Amino acid sequence: MEQYIASGILELYVYGALSEKENAEVYKMLQQYPEIEKEVEEIEKGLMQLSTAVSPYNPEALYNQVKDKLNLTNGDVKVIPIDKKRSNWLGYIGWAASIALLITIGAQFNTIQKLQKQVVDVETENMLLDGKINVAEEDLTKTKTLLNVIRSKDIIRIPLQAQKISPNSYASIYWDKNNQTTYIDVAGLPTPPPGKVYQVWSLKLNPLTPTSLGILDTFNENDIKVFALSNINESEAFGITLEPEGGSESPTLEQLYTLGMVTS
Amino acid sequence: MQPTELIIQLQQRNENAFQRIYEMYAENTFGVIYNIIRDETLAEEILQDVFVKIWNNANSYSEKKGRFFTWILNIARNAAIDKTRSKSFKNSKQNQNADYFVDILEEKSSFSHKIDAIGIQKYIDILEPLCKKVIDLLFFKGYTQKEASEALKIPLGTIKTRNRICINKLRETLAV
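If you're wondering where the values come from, they're calculated on a predicted model, not measured in any experiment. (Residues numbered from 1 in each chain as written. Chains lettered and ligands numbered in written order. Predicted model: local features only at pLDDT ≥ 70, side-chain atom pairs only at ≥ 80, totals over all residues. Heavy atoms only, no water.)

### Regarding the overall build of chain B
Step number 1: What chain B contains, in helices and strands, is 10 helices and 0 strands.
Step number 2: Secondary structure elements in chain B, listed N-terminal to C-terminal, are α-α-α-α-α-α-α-α-α-α.
Step number 3: Taking 16 Å as the expected radius of gyration for a compact globule of 176 residues, we find that chain B reaches 17 Å, a close match to that expectation.
Step number 4: On the principal axes, the C-alpha backbone points of chain B span a range of 45 × 45 × 35 Å.
Step number 5: Within chain B, the fraction of its 176 residues that count as buried is 51%.
Step number 6: When the accessible surface of chain B is totalled, it reaches about 8,600 Å², and 48% of it is carbon and sulfur. (Helix = DSSP H or I, 4+ residues; strand = E, 2+ residues; numbered from the N terminus. Rg over C-alpha atoms; globule rule 2.2 N^0.38 Å. Buried < 20%, exposed > 50% of the residue type's maximum accessible area, 1.4 Å probe, protein only. Areas by Shrake-Rupley, 256 points an atom, 1.4 Å probe, with all protein chains shown as cover.)

Right under this line is the structure:
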């Protein structure tokens, strides 16, 4: 939020210097966050004073001229002089009727154009919303599936701890022995550098025998960062290493990111 | 403040609301127009046209599109810039476009009672030259970020934050 305000986008919003899309985004933020609205109000106050200061004088008196131009009466009744001459009244009425008709047609045309534009706007908005709903539904299904996995009583959870190469990394394995599946949660791993992938290993300890469970080559595309890999091994530990694209035959131990023992 | 109630009444063609809006916005709008035109008589004409447009097009304003302040600002800037492109204007005024709003303030001896005159004068004294230009182009003249970056020869990516620094100083001196 602070960063958003500090970016300077709100000043440009009040200037009217943003694109339509950016404008719509700011409007959304404004409605959600009172502190953003307050910021905008304050920017506006400052600009109001600055532009008022530039004015040569207060043009109060000009209001009457604006009113005259618009034929605003503000309650006064305008006196219309009655012309007593009976001259060619049929002609006048004819003209008046045609003009009235033209004005009506013009007004209708305008209204239709406005309505058409509104329809298009609403349709576009609907399409955007539909797209958003689809994405949200997909995400929800994925999340529900994962939740069921984690809740299942047959699951063993193995936390994988950080290693020297990346002391802040961590991961978790959820191992469903009955279905021979492991779910690997790698939200705690850094994004792999280009040309590298994470590879998951099942380990037997005596003697140390690693077996590859697979590579996480869709790390960047997978938003929730949980992967399912099948595991038929009697694993005693799990590890994750960083390997060249395509994976390796055996783990590069200098690139071991996380490691954890199976305790039960 | 966004005068929401007044705007609705204006859109319902309420003349009293229109007059109140004129009282609120005419002076600062006059300032924006004058800064572009630099001619009081012409600026008066344009100001009248701007408020005629505000009355006639009130229904085209929607809060979704932006602030009411911004809407009026846009109408005013466009009307004034249109005028500067007209032949008669070009013939009568030459080489005035290099002026920034600050010189108006520096020459002025008295200010509207609506504003904090001491604060404004203090601001002008401390304002960096670059800020004067950035605010003049983006706010008073309605340049886009890209146009301003080209005119001032500073990187596009720095315009937004630079401008915020300039406006922050304004708000500090005016305490708003």
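### A word on the pairing of strand 4 (residues 196-204) of chain A
All names here are of chain A.
Step number 1: For strand 4, the buried fraction is high: 7 of the 9 residues fall into the buried class.
Step number 2: For strand 4 and strand 7 (residues 237-244), the ladder comprises 8 bridges, and the chain directions are antiparallel. Each bridged residue has a counterpart across the sheet, and for W201 the counterpart in strand 7 is G239.
Step number 3: As paired elements, strand 4 and strand 5 (residues 209-215) share 6 bridges and run antiparallel to each other. When the bridges of strand 5 are listed, V200 appears paired with G214.
Step number 4: Adjacent in sequence and paired antiparallel, strand 4 and strand 5 are bridged by 4 residues. (Pairing = 2+ DSSP bridges.)

### Examining the confidence of the model for chain A
Residues and elements named next belong to chain A.
Step number 1: Averaged over every residue, the pLDDT of chain A is 87; the share at 70 or more is 94%.
Step number 2: Mean pLDDT in chain A bottoms out at helix 6 (residues 89-151), which sits at 84, and peaks at helix 2 (residues 9-15), which reaches 96.
Step number 3: Note on residues 76-85: pLDDT is under 50 here. Beyond four places in sequence and across chains, it has 2 contacts. (pLDDT = per-residue confidence, 0-100. Contact = heavy atoms within 4.5 Å.)

### What about a negative patch on the surface?
Residue and element names in this part refer to chain A.
Step number 1: On the surface, E137, E138, D139 and D223 cluster together to form a negatively charged patch.
Step number 2: For D139, the position within the fold is in helix 6.
Step number 3: Judged by relative accessible area, which is 39%, D139 ranks as partly exposed. (Patch = residues over 30% accessible without salt bridge, like charges linked within 9 Å, V, L, I, M, F, W, Y side chains within 5 Å. Salt bridge = Lys/Arg side-chain N within 4 Å of Asp/Glu carboxyl O. Lys, Arg positive; Asp, Glu negative; His and termini not counted. Charge placed at Lys NZ, Arg CZ, Asp CG, Glu CD.)

### A few points about the interface of chain A and chain B
Step number 1: Counting residues at the interface gives 45 residues for chain A, matched by 62 residues for chain B.
Step number 2: Each partner contributes to the roughly 5,200 Å² buried at the junction of chain A and chain B, and carbon and sulfur atoms together form 62% of this total.
Step number 3: The interface formed by chain A and chain B contains 7 salt bridges.
Step number 4: Our count for the contact surface shared by chain A and chain B stands at 20 residue pairs in polar contact (both at pLDDT 80 or more).
Step number 5: Secondary structure elements with two or more residues in the side of chain A that touches chain B: helix 1 (2-6), helix 2, helix 3 (20-32), helix 4 (34-54) and helix 5 (63-70) of chain A.
Step number 6: With 16 residues, helix 4 of chain A is the single largest residue contributor to the side of chain A that touches chain B.
Step number 7: Taken together, the residues that form the side of chain A that touches chain B break down as 24 nonpolar, 13 polar and 8 charged. (Buried area = accessible area lost by both parts, 1.4 Å probe. Polar contact = N/O pair within 3.5 Å; in protein donor to acceptor, adjacent residues only side chain to side chain. Nonpolar A, V, L, I, M, F, W, Y, C, P; charged D, E, K, R; others polar.)

### A few points about the state of the cysteines
All names here are of chain B.
Step number 1: In this structure the tally under the stated criterion is 1 disulfide over all chains.
Step number 2: Across a sulfur-sulfur distance of 2.1 Å, C131 and C166 are joined as a disulfide pair. Here C131 and C166 share a disulfide; its torsion about the S-S bond, -85°, makes the bridge left-handed. A residue pair is termed long-range when its members are at least 10 positions apart, and C131 in helix 8 (residues 129-140) and C166 in helix 10 (residues 156-174) qualify at 35 residues. Taken individually, C131 and C166 each receive the classification buried, so the pair is uniform in this respect. (Disulfide = S-S within 2.5 Å.)

### Points about the pattern of salt bridges
When charged atoms on two side chains of opposite charge get close, those side chains can pair.
Step number 1: Considering all chains together, one arrives at 17 salt bridges over all chains under this definition.
Step number 2: For R162 of chain B, the salt bridge is made with E128 of chain B, and the minimal N-O distance between the two is 3.4 Å. You can see R162 of chain B sitting in helix 10 and its partner E128 of chain B sitting in the loop between helix 7 (117-126) and helix 8, a full 34 residues away along the chain.
Step number 3: Since its relative accessible area comes to 25%, R162 of chain B is described here as partly exposed.
Step number 4: Bridged by salt links that share partners, the residues E11, K38, E39 and E42 of chain A together with R164 and R171 of chain B form one connected network.

### A word on the nonpolar core
Step number 1: By size, the foremost hydrophobic cluster in this structure holds 86 residues, and its most contacted members are F18, F51, F101, I120 and I135 of chain B.
Step number 2: In terms of residue count, the dominant contributor to this core is helix 2 (residues 15-37) of chain B (12 residues).
Step number 3: I156, Y198, F227 and L242 of chain A belong to the second largest nonpolar core, which has 21 residues in total. (Core = buried A, V, L, I, M, F, W, Y, C linked by side-chain atoms within 4.5 Å.)

### Side note on the domain arrangement of chain A
Step number 1: When the domains of chain A are assigned, the result is domain 1 (2-63) and domain 2 (155-261).
Step number 2: For domain 1 of chain A and domain 2 of chain A, the distance between their C-alpha centroids amounts to 51 Å. (Domains from an automatic or database assignment.)

### Section: unusual backbone geometry
All names here are of chain A.
Step number 1: Along the chain, N206 connects to P207 via a cis peptide bond; the corresponding omega equals 0°.
Step number 2: Residue position: P207 is located in the loop between strand 4 and strand 5.
Step number 3: Unusually for a residue other than glycine, N71 sits at a positive phi of about 55°.
Step number 4: Overall, N71 belongs to the exposed group, its relative accessible area being 54%.
Step number 5: One non-glycine residue, Q180, lies in positive phi territory at about 55°.
Step number 6: By the secondary structure assignment, Q180 is in the loop between strand 2 (171-176) and strand 3 (181-185).
Step number 7: Judged by its relative accessible area of 40%, Q180 is partly exposed.

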